[in-house]
Amino acid sequence: MKILSSMILAVALLTAPMTMVTGCKSTPQQIAYKSLKSVQVASVAALHVYGAAYRRGEIDADTKAKVHDLYARYQKAWSLAATAAQFNYSSPSTPELTAAVGELVEFIQTLRK
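A brief report on the enclosed structure follows. (Residues numbered from 1 in each chain as written. Predicted model: local features only at pLDDT ≥ 70, side-chain atom pairs only at ≥ 80, totals over all residues. Heavy atoms only, no water.)

What follows covers the environment of Y54. Note on placement: Y54 falls in helix α2 (residues 28-55). Taking C-alpha positions, Y54 is 8.4 Å from K64, a pair spaced ten residues apart along the chain. Residues in contact with Y54, not counting those within four places in the same chain, are I59 and K64. There is a polar contact of 3.5 Å between the side chain of Y54 and the side chain of K64. (Helix = DSSP H or I, 4+ residues; strand = E, 2+ residues; numbered from the N terminus. Contact = heavy atoms within 4.5 Å. Polar contact = N/O pair within 3.5 Å; in protein donor to acceptor, adjacent residues only side chain to side chain.)

Okay, structure coming up:
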């Protein structure tokens, strides 16, 4: 299970930055869609890794509190970005959302070490 979690997180971390900048070349709408979508994919993958570690009893109270704080920041940034985009997920990610998901994923990645 730990290997599967590691693989999911690795794929998300490797593909998210590429989809944020490269995307499909056919239309600007498709390129922008990749940006918001990749943020969501990275956060979900990281949270799956965290959830698996939590279920195995590997998360202490301080770590749980830190993840919850980072996730709350991510949720607020996601809500603001989605609202600003009028829930059109083809809009690009905001700098605040990108920073929030980066901190969340990076912190959860440190739990695997």
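There is more to say, and it comes next.
Here we take up the nonpolar core. V39, Y74, W78, L97, L104 and I108 are the most contacted members of the largest nonpolar core, which totals 21 residues. Going through the elements one at a time, α2, α3 (61-84) and α4 (95-110) are the ones with two or more residues in this core. (Core = buried A, V, L, I, M, F, W, Y, C linked by side-chain atoms within 4.5 Å. Buried < 20%, exposed > 50% of the residue type's maximum accessible area, 1.4 Å probe, protein only.)

Moving on to the packing of α3 against α4. Where α3 meets α4, the closest approach of the two axes is 8 Å, and the angle between their N-to-C directions is 155°. By the criterion of interaxial angle, the relationship of α3 to α4 is roughly antiparallel. Here the hand of the crossing between α3 and α4 comes out left-handed. Only E96, L97, A99, A100, V101, E103, L104, F107 and I108 of α4 make contact with α3, whose side of the interface consists of T63, K66, V67, L70, Y71, R73, Y74, A77, W78 and A81. Each residue belonging to the contact of α3 with α4 can be placed in one class, and the counts come to 14 nonpolar, one polar and four charged. (Axes fitted to C-alpha atoms, helices over the stretch in contact; angles between N-to-C directions. Parallel < 35°, antiparallel > 145°, perpendicular 65-115°, else oblique. Left-handed = near helix turned anticlockwise from the far one by under 90°. Nonpolar A, V, L, I, M, F, W, Y, C, P; charged D, E, K, R; others polar.)

Glancing now at α4. Between its first and last C-alpha atoms α4 spans 22 Å; for 16 residues at 1.5 Å apiece the expected length is 22 Å, and the two agree. Listed in full, the buried residues belonging to α4 are L97, A100, V101, L104, V105 and I108. Looking straight down α4, one finds its buried side chains confined to an arc of 125°; they lie on one side. Opposite the buried face of α4, at more than 90 degrees from it, the exposed residues are P95, E96 and E106. (Expected span 1.5 Å × (residues − 1). Arc of directions from axis to C-beta.)

This part covers α3. A rise of 1.5 Å per residue sets the reference length of α3, with its 24 residues, at 34 Å; its end C-alpha atoms lie 34 Å apart and thus fit the reference within 8%. Looking at α3, one finds that the buried residues are T63, V67, L70, Y74, A77, W78, A81 and A82. Sitting at the amino-terminal end of α3 is D60, which places a side-chain oxygen 3.3 Å from the backbone nitrogen of D62. Once α3 finishes, Q86 follows within two positions and takes phi at roughly 55°, a positive value.

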